[in-house]
Amino acid sequence: MDKIFEQLQTVVDRHDELNELLADPEVMSDSKRYMALSKEEGSIRETVTVFKQYQSVLQDIQDAEDLLDDTDMAELARDDLKTLKPQKASLEEQLKVLMLPQDPNDDKNIIMEIRGAAGGDESSLFAADLLDMYRKYAEKQNWHINLIDESATEVGGYKEVVVMITGNNVYSKLKFESGAHRVQRVPVTETQGRVHTSTATVGVMPEFEDVDATDLIDPKDVREDVYRSSGAGGQHVNKTSSAIRLTHEPTGITVAMQDERSQQQNRAKAWKILNARVYDYFAQQNEAEYAQKRKTAVGTGDRSERIRTYNFPQNRVTDHRIGLTLNKLDRVMNGELEDIIDALIIADQTAKLADLNQH
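The protein appears in an unreviewed UniProt entry as Peptide chain release factor 1 from Leuconostoc fallax. For the record of the protein, the UniProt heading Sequence similarities (unreviewed entry) holds the text "Belongs to the prokaryotic/mitochondrial release factor family." According to its UniProt record, the protein has this under Subcellular location (unreviewed entry): "Cytoplasm".

In structure tokens form, the structure reads like this:
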């Protein structure tokens, strides 16, 4: 813990400095800087509060131990120590978790892509069900969800659907949703009542603001093609070349966007998705490299990895990465994902703590 204590004192010093800055009229008049500093203060506030509690408990333990030689006070001191020592251990564990390296993307909004995979029409319907599940979860979190792109099927499902979810700490809660989701149920088209297995894949990518774009992608590496929109929209779509296709040549990643009326709007949307996909491409490579060295509790981050099974006949959902099974699939599909998400976060923290203790 000694090394962590040194880091904690640095955090406390920074917190004091931030509070002074936030009270400075010059900083208060600069809204952008004020918001950035407020965000930083908020991100370390809990750590500072817990550390101060810990220091207080350490002092109480010292005071109680000093009284053990006092005949009149020894019994009371021993009773205090029985309570204080478990408190100390509990606060130490909290501090270890709070001091784990933070994912720099945790507070970002996300772009989520859901695709029907194996299983034809049924997989596309399941992709729509997953979107509905995440939509309901987002509503419970007071997040906003906006449709960016969709490729619908005739049966009412999706070959692919892309949404943006914005709000507080979206990526931190949904980053473990990437992977293959398997469904076991009787399809609506099944006349014999047989249970079929289908899959849909989910990709969760942090959104990058425009200022981040040049750090991530060199514009010289991107080829832009402009073409005419196709599909519904009357004569307008045939007269203007408003559709945009961006190709990131080093990776071959392509994004085509034709939903909006103006070329500028389509270009902005396409760049947003391209940034996210390119970042995700390199992040997956790094994750796979890391996973080869050390298998993490929440899997490799590989999109093809089967992460969860939704068994409708038995109202059961199982997350295979952490061996969690819940017999309340109906509630999960209604957006009650908290138990699964909390368990995944705890498993990830536990794996990181174990890793920290080995070094």
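**With respect to a nonpolar patch on the surface**
Taken together, L67, M73 and L76 make up a surface patch of nonpolar side chains, about 230 Å² in accessible area. For M73, the location among the structural elements is in the loop between α3 (31-66) and α4 (74-98).

**Topic: the packing of α3 against α4**
Helix-helix packing is described using two parameters, namely the angle between the two axes and the distance between the axes. Relative orientation of the contacting elements α3 and α4 amounts to 155 degrees, with a least axis distance of 9 Å. Considering their axes alone, α3 and α4 lie roughly antiparallel with respect to each other. When you trace α3 past α4, the crossing you get is left-handed. In this structure, α3 contributes E46, T47, V50, F51, Q53, Y54, V57, L58, D60, I61, A64 and E65 to the contact, and α4 contributes A77, D80, L81, L84, K85, Q87, K88, L91, E92, Q94, L95 and L98. For the contact of α3 with α4, the per-class residue count stands at 13 nonpolar, four polar and seven charged.

**Side note on the sheet that holds strand β6 (residues 222-227)**
Within the open sheet, the three strands sit side by side as β6-β7-β8. Their pairing is antiparallel. Each edge of the open sheet is held by one strand with a lone partner, namely β6 and β8 (253-257). Averaged over neighbouring strand pairs, the angle between their axes works out to 15 degrees when direction is ignored. Here five bridges tie strand β7 (residues 243-248) to β8, and the two strands are oriented antiparallel to one another. Paired with R245 across the two strands is A256, which belongs to β8.

Reading the values: rules and limits
- Residues numbered from 1 in each chain as written.
- Predicted model: local features only at pLDDT ≥ 70, side-chain atom pairs only at ≥ 80, totals over all residues.
- Heavy atoms only, no water.
- UniProt positions renumbered as here; feature names shortened; annotations may be inferred.
- Patch = residues over 30% accessible without salt bridge, like charges linked within 9 Å, V, L, I, M, F, W, Y side chains within 5 Å.
- Areas by Shrake-Rupley, 256 points an atom, 1.4 Å probe, with all protein chains shown as cover.
- Salt bridge = Lys/Arg side-chain N within 4 Å of Asp/Glu carboxyl O.
- Helix = DSSP H or I, 4+ residues; strand = E, 2+ residues; numbered from the N terminus.
- Axes fitted to C-alpha atoms, helices over the stretch in contact; angles between N-to-C directions.
- Parallel < 35°, antiparallel > 145°, perpendicular 65-115°, else oblique.
- Left-handed = near helix turned anticlockwise from the far one by under 90°.
- Contact = heavy atoms within 4.5 Å.
- Nonpolar A, V, L, I, M, F, W, Y, C, P; charged D, E, K, R; others polar.
- Pairing = 2+ DSSP bridges.

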